[in-house]
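Each chain, letter by letter, is given below.
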Amino acid sequence: MPDWRRETARILASTKLSAADRDDVSRELAGYLDDLCTDARSRGLDESAATERAFAELHHDARLGSKLYRARKENPMHLNDRTKHFWLPGMTTLLASVGCLAILQLTGVQAEFRPLWVHGGATIPNSIYVPLAIYWPWLCLLPFLGAGSAYWSRRAGGSKAVQAAAGFFAALVFFAILLTVLLFSFIIGGLVGNIHVADTLSLEFAGAVASWVVIPALATLFGVLPFLGRASAPDRDMGAAA
Amino acid sequence: MISANIKRGSAELAILSVLAGPPLHGYEIARRIERQTNGTLRFTLASLYPLLYRMESRGWLRAAWGETPAGRARRYYRLTAAGRKKLAPLRKEWKELFRALARLAEAHHA
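Residue positions are given per chain, counting from 1 as you read along its sequence in written order. Chain labels run from A onward and ligand labels from 1 onward, assigned in the order the entries are written. The predicted origin of the model limits local features to residues at a pLDDT of at least 70 and limits the giving and counting of side-chain atom pairs to 80 or more, whereas totals for whole chains, interfaces and linings rest on all residues. The basis for every side-chain value is the complete set of non-hydrogen atoms in the structure, without hydrogens or water.

1. Examining the confidence of the model for chain B
Residues and elements named next belong to chain B. Note on scores: pLDDT gives the predictor's confidence for each residue, bounded by 0 and 100. When pLDDT is averaged along chain B, the result is 87, and 91% of the positions lie at 70 or above. Summarising per-element confidence for chain B, the mean pLDDT is lowest in helix α1 (residues 4-18) (81) and highest in strand β1 (residues 24-25) (96). Two summary scores accompany this predicted model of the complex, namely pTM at 0.54 and ipTM at 0.87. A run of DSSP states H or I qualifies as a helix once it reaches four residues; a run of E qualifies as a strand once it reaches two. Both are numbered from the N-terminal end.

Below is the structure:
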């Protein structure tokens, strides 16, 4: 029986695989050829015919070495499903959303500042003032960005929940940022001993959440909503084909 | 002529399907597919290993060296959670495709 390790190593010698990879692959291919020979002999072939069959399989494709190299090196370029369905559309929407806001601010568009009053009642003794900052042109863009993100996710095969998450990604990130800022503010406020910081921060936090999370999410909802009732692209395409 | 994408898609489905059971090494995968398809699908060393490595790189398969009952070292492949997740929709898509093609063929004969 030939030395299959030597034969397979010869096939891989011209590839750019590392020595360790080359050793691993040649060992595995040698095992395959060894099994092929054993199997062929158990089916009644003599040793030379079985060896010939294994050699024929090894040399069947002249580009085997380069194919194996490309397959082993594919990993860094591959995007998994979660990246395609969620992260790519979500991150792109977030960047587009922040970019649009920055452009609007650079062009001199001002936020409309509105105080939101929550009037006192039986349980709340005093009226509460919540400061709101509303960028109307930006809010008008958000349904389109949300729709674009949900559409991208749907085309990539994302489920309805993933499409919605991709659509609302920017609002979710804003909320996470605000929560982090609030947490650090409380910690710093506690460290410097400012006992009034909690009340002030709570009101400002409520205003910021309303301005940068709730209202933008509602605007985005107009864009995302039409996608939530539809089947994803592969399902629809296959349905049409059937 | 069958396009490379269809060929690769069907080969991926075949490999994921046989690996839904216990872990197998390369030669076992090839023979099991051949046996279960009555020889319709046949893998050679050159068609099998590049695909196995690609599927491993994508995280659908995980491989580890082990020993056969005869004490020979072989690299055994098994499905990962991502591979199992990939298998169900792939099966559905191929079933739908074959059903559609069958209808098309029947309509042509009618």
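2. Quick look at the confidence of the model for chain A
When pLDDT is averaged along chain A, the result is 80, and 79% of the positions lie at 70 or above. Across residues 232-242 of chain A, where pLDDT falls below 50, the model places 18 contacts with residues more than four positions away in sequence or in other chains. Working rule for contacts: check all heavy atoms of both residues, and any pair within 4.5 Å makes them a contact.

3. As for the sheet that holds strand β2 (residues 61-67) of chain B
Residue and element names in this part refer to chain B. Taken in spatial order, the three strands of this open sheet run β1-β3-β2, and their pairing is antiparallel. The sheet terminates laterally at β1 and β2, the two strands that pair on one side only. Whether two strands pair depends on DSSP finding at least two bridges between them. As judged from the seven bridges shared by β2 and strand β3 (residues 73-79), these two strands associate in the antiparallel manner. Of the residues in β3, the one forming a bridge with Ala-64 is Tyr-76.

4. A closer look at the packing of helix α2 (residues 19-42) of chain A against helix α3 (residues 47-58) of chain A
Residues and elements named next belong to chain A. Where α2 meets α3, the closest approach of the two axes is 9 Å, and the angle between their N-to-C directions is 140 degrees. Judged on the interaxial angle alone, α3 and α2 are oblique. The element α2 and its partner α3 pack so that their crossing is right-handed. Within the contact between the two elements, α2 uses Tyr-32, Leu-33, Leu-36, Cys-37, Ala-40 and Arg-41 and α3 uses Glu-47, Ala-50, Thr-51, Arg-53, Ala-54, Glu-57 and Leu-58. Residues are sorted three ways: Asp, Glu, Lys and Arg are charged, Ala, Val, Leu, Ile, Met, Phe, Trp, Tyr, Cys and Pro are nonpolar, and all the rest, Gly among them, are polar. Across the contact of α2 with α3, the residue classes break down as eight nonpolar, one polar and four charged. All axes here are fitted lines through C-alpha atoms, helices being fitted over the stretch that makes contact, and every angle between N-to-C directions spans 0 to 180 degrees. Orientation is classified from the angle alone, with under 35 degrees giving roughly parallel, over 145 giving roughly antiparallel, 65 to 115 giving roughly perpendicular, and any other angle giving oblique. Whether a crossing is left-handed or right-handed is set by the direction in which the near helix is turned from the far one by less than a right angle, anticlockwise for left-handed and clockwise for right-handed.

5. Examining the pattern of salt bridges
Residue and element names in this part refer to chain A. For this document, the term salt bridge refers to a Lys or Arg side-chain nitrogen within 4 Å of an Asp or Glu carboxyl oxygen. Tallied over the full model, the rule gives 16 salt bridges over all chains. One salt bridge connects Glu-7 with Arg-10, and the closest N-O pair in it is separated by 3.7 Å. Of this pair, Glu-7 and Arg-10 both sit in helix α1 (residues 4-12), separated by three residues, roughly a single helical turn. Think of it in three bands: residues with accessible area under 20% of the maximum for their type are buried, residues over 50% are exposed, and the middle band is partly exposed, with areas taken using a 1.4 Å probe on protein chains only. According to the relative accessible area criterion, Glu-7 is buried, its value standing at 8%. Across the salt bridge formed by Glu-47 and Arg-41, the nearest N and O atoms sit 3.3 Å from each other. Its relative accessible area of 42% is what places Arg-41 among the partly exposed residues.

6. Observations regarding the interface of chain A and chain B
Residue-level contacts link 31 residues of chain A with 29 residues of chain B. Two parts placed together each lose some accessible area under a 1.4 Å probe, and adding up what both lose gives the buried area. Carbon and sulfur atoms make up 56% of the surface buried where chain A meets chain B, a total of about 2800 Å² over both sides. At the boundary of chain A and chain B, one finds five salt bridges. For A:Asp34, the salt bridge is made with B:Arg74, and the minimal N-O distance between the two is 3.3 Å. Listed by contribution, the elements that provide at least two residues to the side of chain A that touches chain B are α2, α3, α4 (64-72) and α10 (233-241) of chain A.

7. Side note on a nonpolar patch on the surface
Residue and element names in this part refer to chain A. Only residues whose relative accessible area exceeds 30% and that take part in no salt bridge are eligible for patches, with like-charged residues grouped when within 9 Å of each other and nonpolar side chains (Val, Leu, Ile, Met, Phe, Trp, Tyr) grouped when within 5 Å. Surface exposure here means Shrake-Rupley accessible area, sampled with a 1.4 Å probe, where a residue is shielded only by the protein chains that are shown. A cluster of nonpolar side chains, Leu-183, Phe-184, Ile-187 and Ile-188, forms an exposed patch at the surface whose accessible area comes to about 400 Å². Considering the arrangement of structural elements, one finds Leu-183 in helix α8 (residues 169-192). On the basis of relative accessibility, which here comes to 52%, the residue Leu-183 falls in the exposed class.

8. A word on the nonpolar core
Among the nonpolar cores identified, the biggest contains 47 residues, and B:Ile15, B:Ile29 and B:Tyr49 are the most heavily contacted of them. Aside from chain neighbours lying at most four places away, what touches B:Tyr49 is A:Glu28, A:Leu29, A:Tyr32, A:Leu68, B:Gly26, B:Tyr27 and B:Tyr77. Core analysis: the next-biggest nonpolar cluster, separate from the first, contains 22 residues, A:Tyr135, A:Trp138, A:Leu139 and A:Leu142 among them. Nonpolar cores are built from buried Ala, Val, Leu, Ile, Met, Phe, Trp, Tyr and Cys residues. Side-chain atoms within 4.5 Å join them into one set.

9. Brief notes about the packing of α2(A) against helix α3 (residues 45-57) of chain B
Look at α2(A) against α3(B): their axes get within 12 Å of each other, and the N-to-C directions meet at 140 degrees. Classed by the angle they form, the pair α2(A) and α3(B) counts as oblique. Two packed elements cross with a definite hand, and for α2(A) against α3(B) that hand is right-handed. Residues A:Val25, A:Glu28, A:Leu29, A:Tyr32 and A:Leu33 of α2(A) touch α3(B), and the partners they reach there are B:Leu45, B:Leu48, B:Tyr49 and B:Tyr53. A breakdown of the residues in the contact of α2(A) with α3(B) according to their chemical character gives eight nonpolar, no polar and one charged.

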